[in-house]
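Residue-level structural notes
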Amino acid sequence: PELTTLLLDRLRGARHINPAWHRLTPCEAQLMTLVAEGLPNKLIADRLGITTGTVQNHLNHVYGKLGVHSRTEALAVL
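Reference entry: report on the structure contained in this document. (Residues numbered from 1 in each chain as written. Predicted model: local features only at pLDDT ≥ 70, side-chain atom pairs only at ≥ 80, totals over all residues. Heavy atoms only, no water.)

When helices and strands are tallied, the protein chain shows five helices and zero strands. Each helix and strand of the protein chain, placed in order from N terminus to C terminus, yields the pattern α-α-α-α-α. Every one of the 78 residues in the protein chain was classed for burial, and the buried ones make up 33%. (Helix = DSSP H or I, 4+ residues; strand = E, 2+ residues; numbered from the N terminus. Buried < 20%, exposed > 50% of the residue type's maximum accessible area, 1.4 Å probe, protein only.)

Below, the structure written as structure tokens:
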């Protein structure tokens, strides 16, 4: 929870956005914001009105774009 709060604060108040953020589509960026809040795939799917499979597909695309293998690594890069 503390790490999530720190990450959200940094994302909201960042003066300079990491260039990696610009590699994401708007949908992927929205998804990663929900990931940063600590939501599981099911709740992310519910919030975005998509299936959990689509959430996982978006996550896999994000991982590929960022060269990472997990949510934690993706958030650290972003």
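Now that the structure is up, let's keep going.
Let us now look at the pattern of salt bridges. One pass over the full model with this rule turns up three salt bridges. A salt bridge links E28 to K65, with the nearest nitrogen and oxygen atoms 2.7 Å apart. Of this pair, E28 sits in helix 2 (residues 26-36) while K65 sits in helix 4 (residues 52-66), and the two are 37 residues apart along the sequence. Accessibility expressed as a relative area gives 4% for E28, which makes it buried. Given a relative accessible area of 32%, K65 falls into the partly exposed group. Between D46 and K42 there is a salt bridge whose closest N-O contact spans 3.0 Å. Of this pair, D46 and K42 both sit in helix 3 (residues 41-48), separated by four residues, roughly a single helical turn. (Salt bridge = Lys/Arg side-chain N within 4 Å of Asp/Glu carboxyl O.)

Once that is clear, we can look at helix 3. Looking only at helix 3, the buried set comprises N41, I44 and A45. All buried residues of helix 3 lie within an arc of 100° about the axis, which places them on one face of the element. Looking at the buried side of helix 3, the elements it contacts are helix 2, helix 4 and helix 5 (71-77). G49 lies just past helix 3 and shows a positive phi near 70°. (Arc of directions from axis to C-beta. Contact = heavy atoms within 4.5 Å.)

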